[in-house]
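# A structural walkthrough
So the chains spell out like this:
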Amino acid sequence: MKPSTLVSVALGLATTASSYNDYTSLTEYFLQDDDETDDAAFDFTTTNFGLINRTYDADEQSPTDTPLTQWQRFYNQVVLLNDESPSDVNYKVLFLGRHGQGWHNAADQFYGWPAWNCYWSLVNGNGTASWRDSHLTDVGIAQAQRVHDFWQKLIDTQHIHTPDSYLVSPLTRTLQTANVTFGTLTLPPGSAAFQPLIHELFREYINIQTCNMRSSRTYIHSLFPDWPIASGLPETDELWNGITGETDAAQDLRSRGALESIFGASNSKSAGLFVSVTSHSGEIASLLRVLGHRRFTLDTGGVIPVTACDVGRGVRVSVWCDPSDQKEAFFESSEFLAETLARYTILDRHCRTEKLPSSDGFDNAIVQVYKAVLEFTAEVEKQRSTGKLGQKWNSIVAVSETDLTRLQSAVKDQDQKAGNWNQINIQLYQSAKEDEILASIGKPQLNVEIHKISTG
């Protein structure tokens, strides 16, 4: 449920190196890896989590008098993969679980997509139910309990290796889902205890919907005081503002950082080979993109296991969110787009509402504004697809000085042709004499400055 937007939130990602690790996924172990598997009809609880019944190289190296289950043999295969790989290459199995049904999901189904997306998702609730940082419904709790029962079945019958570590998004619905799913499992002797790390990098995509606004750190701690919270989580949500949203490129960059928190040099061993991540549909989709996995849509309460690999680049990168950098990057990267679009929307609507005489110069200026915005976003996408944004670690919507030269020249040229739009903009916001001002418009001017943002 991601409404389109031309403006992205700058997350203020800080890094300790100029490169980043590559990630991939192995496509030979689970049915969900196969493009022919229908994600809409797939049920992981009736297919052994989708684990394919097959032999492994590790079978020959693990002779035993007692027959092993498919899951025991698969775990041995993951151990073998790591034993035979270079020191900078690591294999892990990620159990990516989507939260159970939240009140926002129920509202979406009740009102229908157009009404939800255009109105209801932007408010806190409807007077009967609240979906700001949405909680689980009874249906959602039952879905999480279903996953709990399935895990317990595999523990008892398949002797599945339970997660060595647990990660969870800080949004309430994921916290509740993780607790119901894993909190009361009877774990095998010697297995890792369920003590999930609350990590902001695994939150849902950041957009203008209130369901994706995080509650305070104090509130989160009050719900589960024994669960550790990753360092750097601010008291209040400094990423959600109700105005702008992440692009896919921005979210994928964040997801790469999330994977680094699992595969990072200091975390790889402690994270173990099996890792549980309780997250959201949009964030799981982003993680799959970064892993090069096929798209696989999960229903609420769904889980997909992925055999993930950090193929290594020789350089480790630590990524985190710094509140001050978030604010600075946000304003620098989005202000000129947000202000320009807002002002032209007001001006355009006013002219149409008042039925002022059409002007070729005015109409052309509006077209040029929208064209400039589209050219800017297209250039960012071009840079992202060629890897320049990731390699340079610029901001989410920033490109290099060289790449901006053409755009800056085009904007300046439009400035000269359009006239004194900047001054009129200010007057439109401050003066009540819109008719008098609009009547004096000749050729409006767009005068914006495109900023390059350094992430430090």
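One can find the structure itself at the top, above this paragraph.
Residues numbered from 1 in each chain as written. Predicted model: local features only at pLDDT ≥ 70, side-chain atom pairs only at ≥ 80, totals over all residues. Heavy atoms only, no water.

Taken together, the side chains of D57, E60, D83 and E84 present a region of like negative charge at the surface. Looking at where D57 falls in the secondary structure, it is placed in the loop between β2 (23–26) and α1 (58–61). (Patch = residues over 30% accessible without salt bridge, like charges linked within 9 Å, V, L, I, M, F, W, Y side chains within 5 Å. Areas by Shrake-Rupley, 256 points an atom, 1.4 Å probe, with all protein chains shown as cover. Salt bridge = Lys/Arg side-chain N within 4 Å of Asp/Glu carboxyl O. Lys, Arg positive; Asp, Glu negative; His and termini not counted. Charge placed at Lys NZ, Arg CZ, Asp CG, Glu CD. Helix = DSSP H or I, 4+ residues; strand = E, 2+ residues; numbered from the N terminus.)

Moving on, we come to the nonpolar core. Among the nonpolar cores identified, the biggest contains 38 residues, and F49, W71, F74, F95, W151 and F274 are the most heavily contacted of them. Mapped onto this core, the elements with two or more residues apiece are α2 (70–83), β3 (90–98), α5 (138–157), β4 (165–168), α6 (172–182) and β7 (303–310). With sequence-adjacent residues up to four places away left out, F274 is seen in contact with W71, F74, Y75, V78, V93, F95, H161, T162, P163, D164 and S165. Grouped together as the second largest cluster of nonpolar side chains are 23 residues, Y23, L201, F263 and F296 included. (Core = buried A, V, L, I, M, F, W, Y, C linked by side-chain atoms within 4.5 Å. Buried < 20%, exposed > 50% of the residue type's maximum accessible area, 1.4 Å probe, protein only. Contact = heavy atoms within 4.5 Å.)

What follows covers the pairing of β3. Here β3 lies mainly inside the structure; nine of its nine residues are buried. Here β3 shows a buried face lined by N90, K92, L94, L96 and R98 and a second buried face lined by Y91, V93, F95 and G97. As paired elements, β3 and β7 share eight bridges and run antiparallel to each other. Bridging from a neighbouring strand, F95 pairs with P305 of β7. Two elements, β3 and strand β6 (residues 274–279), share six bridges in a ladder whose sense is parallel. When the bridges of β6 are listed, L94 appears paired with V275. (Pairing = 2+ DSSP bridges.)

Let us look at unusual backbone geometry. The phi torsion at D133 lies on the positive side, around 45°, for a residue other than glycine. D133 sits in the buried class, given a relative accessible area of 2%. Even without a glycine there, the phi angle at H159 is positive, about 55°. In this fold, H159 is placed in the loop between α5 and β4.

Once that is clear, we can look at the pairing of β6. Counting buried positions over the six residues of β6 gives six, a clear majority of the element. Where β4 lies against β6, four bridges are found, and the strand directions are parallel. Within β6, the position partnered with L167 by the bridge is V277.

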